[in-house]
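Summary of structural features
Here's the letter readout for the chains.
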Amino acid sequence: MNWRAIWAIMRKDLRVVLQNKGVVLPIILVPVILFVVLPLLVLWLPMATSSAGADNGDLQELLSMVSPGLRAQLEGLDTNAAGAVFFLVYMLAPLFLIVPLMVANVIAADSFVGEKERKTLEALLYTPTTDGELLTGKLLSAWLPALAVSLLGYALYSITANLAAVQLVGKPLFPNLIWTVMVVWVAPAAAAFGLTSMILVSTRAKTFQDAYQTGSLVVLPMVVLLLAQTTGVIYFNIWLTLALGLVLWIVSLALLYYGKRTFHRTELIARL
Amino acid sequence: MSDPIIAASGLTRRFGDTLAVAELTLEVRRGEVFGFLGHNGAGKTTTVRLLNGVLTPSAGQARVLGLDPMADGPALRRQTGVLTETPSLDERLSARLNLSLYADLYGVPKGEVKPRVEALLKTFELAERADDKVGAFSKGMKQRLALARTVVHQPVLLFLDEPTAALDPVAARQVHEMILHTAREGRTVFMNTHNLVEAQRLCDRVAVMEHGRLVAIGSPHDLARRLVRNLTVEFELAPDSTAQALQVLQQAPGAASAGPRNGVIVVSGAERAAIPDLIALLVGAGVPIYQVAPQEPTLEDVYFALHSETEVKP
Ligand SMILES: Nc1ncnc2c1ncn2[C@@H]1O[C@H](COP(=O)(O)OP(=O)(O)OP(=O)(O)O)[C@@H](O)[C@H]1O
Ligand SMILES: [Mg+2]
């Protein structure tokens, strides 16, 4: 492996990608909404409703639907505190995974398909890089930023979520075991899933917009997890978190194995 | 002398039912500027791809710089530079960054990247705009930058795919100068073009492709000799004998047509072997001859001669 060439491909892709508003906007907006706006909403809502003298009926109803395992975790907390723990620790977990997934996906869309659209791929194919180096460079240029954004996002979230937790629960909730596993094990797998699925999309898609739209379907599994947890089918305990990471890694590796077989310059050039 | 730098034998590439390149056999010598001529779709770009190991041949083989493009692609591409049909530049990046990234990709020694990039920016007259985004460049500037990028790793063999197709005459002339400059530095140049004047001006030898097949190869001069049978000859005669001369020439067996133009008589469609007879006839008729100037056939004549030949073939 020629790491200097791989590094050059990464630098090239990132410099180019970061000038695409269609990429930069979601990379900034989604984490800000999830990690800053939502926790503040969690903090603000009970205060607003209790000061208005309303009861917590809706929240109680929501909490009554969660799985028995999760209910045990919330045992002994008053409704507002239980609600805060439920939202901050459990509800947001599948949403958190959307961030690495989306960041990797949208960067990969620009790096794999955008490059074709901009007609800059051909010159790259004539360089002495091997197909493996080319693919590695492109994968890393989407994967590493996804990790960076989720780490940064988590750091930010720890602050805003603790701010809300101290108010409502009386103690900080982060860091904790589930979220640590999420950040170091599941998020990298989610990023890998986001970008390996894009290799497949890129064989069909002609434009960045096409690829981006098709690619955004990868968040669907996270939405399913979110619904499953809200309706009490599952909850994000440590085992589920570990297993989710494992499944995402396995799917990603399978996609990578399949994608690697389609990623040959001799095929890419014929599809330009 | 030495081994050919490119040797293709029976090289073939199909796309579905299309034969893009059909049993191409040819040799390119070290140090020459080789023109690869053909209409749109003749198979020029496909050939360059095959010779650089970025496209798999359907049949046949090639050796370029002694290497098999399919087996030794990376090692081969380290020594070749390819100017693609579209400049293929990163328009969102500066000229300087476009060059230095490719210097890294081609493994230019780290310490040499900076001086080499600066020197190229200067040579290709881009130094003043080095930090501007390429998207704002004119076509001519883009093409110069693409050419600079093609030689950033000092390749011994250059492939240029229609280097002047999109340029105005001034920009095209600049690119020609640069091609001749790189050729003088000892590089071999393989140039795709359908610009015959360009080929005639720059190339030591040319190959003519038609529907994926090689139909002629040689120096422009040899090809003209060999393939263009009908010459155009200008006779400058004493002004008062024009009418008489016309009469003689129009009845001569070797000339297809003769007519006055700008004070001379132009005979076209003459066979090379018939010219001495025409002169003898005029002298015999007592016409004073000041000058006989056969017009050298151009590559264009060659091209159309070949074209009409292949059109007629079943
Ligand atoms: N990737 C591809 N898929 C299908 N057909 C192709 C492909 N590449 C080339 N062809 C076909 O092969 C033939 C030769 O194409 P090629 O691009 O080599 O011609 P060319 O001489 O470079 O033409 P031009 O002057 O237009 O650039 C054409 O008929 C073209 O349509
Ligand atoms: Mg072409």
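Our subject is the structure that appears above.
Residues numbered from 1 in each chain as written. Chains lettered and ligands numbered in written order. Predicted model: local features only at pLDDT ≥ 70, side-chain atom pairs only at ≥ 80, totals over all residues. Heavy atoms only, no water.

1. Description of the nonpolar core
Convention followed: Among the buried residues, those of types Ala, Val, Leu, Ile, Met, Phe, Trp, Tyr and Cys that are joined through side-chain atoms within 4.5 Å form a nonpolar core. Three labels apply to residues, based on accessible area from a 1.4 Å probe with only protein chains included: buried if under 20% of the type maximum, exposed if over 50%, partly exposed otherwise in between. Strands are runs of DSSP state E lasting at least two residues, helices are runs of H or I lasting at least four, and both sets are numbered from the N terminus onward. Throughout, a contact is declared for two residues whenever any of their heavy atoms are within 4.5 Å.
In this structure, A:Leu88 and A:Trp179 are the most contacted members of the largest nonpolar core, which totals 177 residues. When residues of this core are assigned to their parent elements, the largest contribution, 26 residues, is made by helix H5 (residues 79-117) of chain A. Not counting residues within four places of it along the chain, the set of residues in contact with A:Trp179 comprises A:Leu88, A:Val89, A:Leu92, A:Ala93, A:Phe96, A:Tyr154, A:Tyr157 and A:Phe174. Counting 17 residues, the second-largest nonpolar core is a separate cluster that includes B:Leu237, B:Ile265, B:Leu282 and B:Val287.

2. Examining the packing of aromatic side chains
Within a pair of aromatic rings, the relevant descriptors are the distance that separates the centres and the angle that separates the planes. Selection criterion: Planes of paired rings set the category: under 30 degrees apart is stacked, over 60 is edge-to-face and the rest tilted, where pairs are Phe, Tyr or Trp rings (Trp by its six-membered ring) whose centres lie within 6.5 Å.
Applying the stated criterion to the full structure yields 18 aromatic pairs over all chains. Between A:Phe35 and A:Phe96 the ring centres are 5.6 Å apart and the planes differ by 50°, which places this aromatic pair in the tilted class. Here the residue A:Phe35 occupies a position in helix H2 (residues 21-51), and A:Phe96 occupies one in helix H5, the gap between them amounting to 61 residues. The class of A:Phe35 is buried, set by a relative accessible area of 0%. Seen from their ring centres, B:Phe36 and B:Phe190 are 5.0 Å apart, and the 45° between their planes marks the pair as tilted. In this pair, B:Phe36 sits in strand S3 (residues 33-38) while B:Phe190 sits in strand S7 (residues 188-193), placing the two residues 154 residues apart along the sequence. B:Phe190 carries the same exposure label as B:Phe36, and that label is buried.

3. Considerations on the coordination of the magnesium ion (ligand 2)
All names here are of chain B. Just so we agree on the cut-off: With water omitted from the atoms examined, metal sites may look incomplete; donors here are N, O and S atoms no farther than 2.8 Å from the metal, or 3.2 Å in the case of Na, K and Ca.
Surrounding the magnesium ion (ligand 2) are the protein donor atoms Thr45 (OG1) and Glu85 (OE), which sit 1.9 to 2.6 Å from the metal. Note that Thr45 is positioned in helix H1 (residues 44-51) and Glu85 in the loop between strand S5 (80-83) and helix H3 (95-105), a separation of 40 residues in sequence. Overall, the relative accessible area of 18% leaves Thr45 in the buried class.

4. Some details on the interface of chain B and chain A
We count it as follows: In this description, buried area is defined as the sum, over both parts, of the accessible area (probe of 1.4 Å) that is lost when the two are combined. Any Lys or Arg side-chain nitrogen located within 4 Å of an Asp or Glu carboxyl oxygen qualifies as a salt bridge. Pairs of N or O atoms within 3.5 Å make up the polar contacts considered here, provided that, within protein, one atom can donate a hydrogen while the other can accept it, and that residues adjacent in sequence are counted only when both atoms are side-chain atoms.
Between chain B and chain A, the residue contacts involve 34 residues of the former and 30 residues of the latter. Both faces considered, chain B and chain A share a buried interface measuring about 2,800 Å² in area, 58% of it formed by carbon and sulfur atoms. Contact with chain A buries surface across chain B, with B:Val54, B:Arg92 and B:Leu105 losing the most and accounting together for 26% of the total. Where chain B touches chain A, the interface holds 4 salt bridges. With its nearest N and O atoms 2.8 Å apart, the salt bridge here joins A:Glu122 to B:Arg49. For the pair chain B and chain A, the number of links is 14 residue pairs in polar contact (both at pLDDT 80 or more). It is H3(B) that contributes the most residues to the side of chain B that touches chain A, 6 residues altogether.

5. Remarks on the pattern of salt bridges
Going through the model one piece at a time under the given rule, you end up with 17 salt bridges over all chains. The shortest N-O distance in the salt bridge between B:Asp104 and A:Arg11 comes to 2.5 Å. Of this pair, B:Asp104 sits in helix H3 while A:Arg11 sits in helix H1 (residues 3-17), placing the two residues on different chains. Since its relative accessible area comes to 28%, A:Arg11 is described here as partly exposed. For B:Glu91, the salt bridge goes to B:Lys142, with nearest N and O atoms at 3.1 Å. Residue B:Glu91 is found in the loop between S5 and H3, and its partner B:Lys142 is found in helix H5 (residues 139-150); the two are separated by 51 residues along the sequence. The network of salt bridges with common partners includes A:Lys12, A:Asp13, A:Glu115, A:Lys138 and B:Asp90.

6. Let's talk about the sheet that holds strand S12 (residues 264-271) of chain B
Residues and elements named next belong to chain B. Stated precisely, the cut-off is as follows: For two strands to count as paired, DSSP must find a minimum of two bridges between them. A fitted line through C-alpha atoms represents every axis, and for helices the fit uses only the stretch in contact; the resulting angles, taken between N-to-C directions, go from 0 to 180 degrees.
Pairing is antiparallel in the open sheet, where 4 strands are placed in the order S11-S12-S10-S13. Since the sheet does not close on itself, it has two edges, and those belong to strand S11 (257-261) and strand S13 (289-295), each with one partner. Taking each pair of neighbouring strands and ignoring which way they run, the sheet shows an average axis angle of 25°. One ladder, built from 6 bridges, connects strand S10 (residues 230-237) with S13; its direction is antiparallel.

7. Brief notes about helix H7 (residues 131-168) of chain A
Because each turn of an α-helix spans 3.6 residues, side chains separated by three or four positions end up pointing in the same direction. Residue and element names in this part refer to chain A. Rule in force here: Multiplying one less than the number of residues by 1.5 Å gives the expected span of a helix. One axis fitted to the seven residues ending at a residue, another fitted to the seven starting there: the angle between these axes is the bend at that residue.
Counted at 1.5 Å a residue, the expected span for H7 with its 38 residues is 56 Å, and the 54 Å between its end C-alpha atoms agrees. The axis of H7 is deflected most strongly, by about 25°, at Leu140. In the segment just after H7, Gly170 is the residue with positive phi, at about 90°.

8. A look at the site of ligand 1
Note the threshold: What makes a residue near a molecule or strand is one non-hydrogen atom of that residue sitting within 4 Å of it. Accessible surface area values rest on a Shrake-Rupley calculation with a 1.4 Å probe, where residue burial reflects the displayed protein chains alone.
Neighbouring ligand 1 are 14 residues, the closest being B:Gly41, B:Lys44, B:Thr45, B:Thr46 and B:Glu85. Ligand 1 sits at a junction of chains, with neighbouring residues supplied by chains A and B. Within the backbone of B:Gly43, an N or O atom sits 2.9 Å from an oxygen atom of ligand 1. The fraction of the free accessible surface of ligand 1 (630 Å²) that becomes covered by protein chains is 69%. Counting only elements with at least two residues in the shell around ligand 1, the list comes to strand S2 (18-28) and H1 of chain B.

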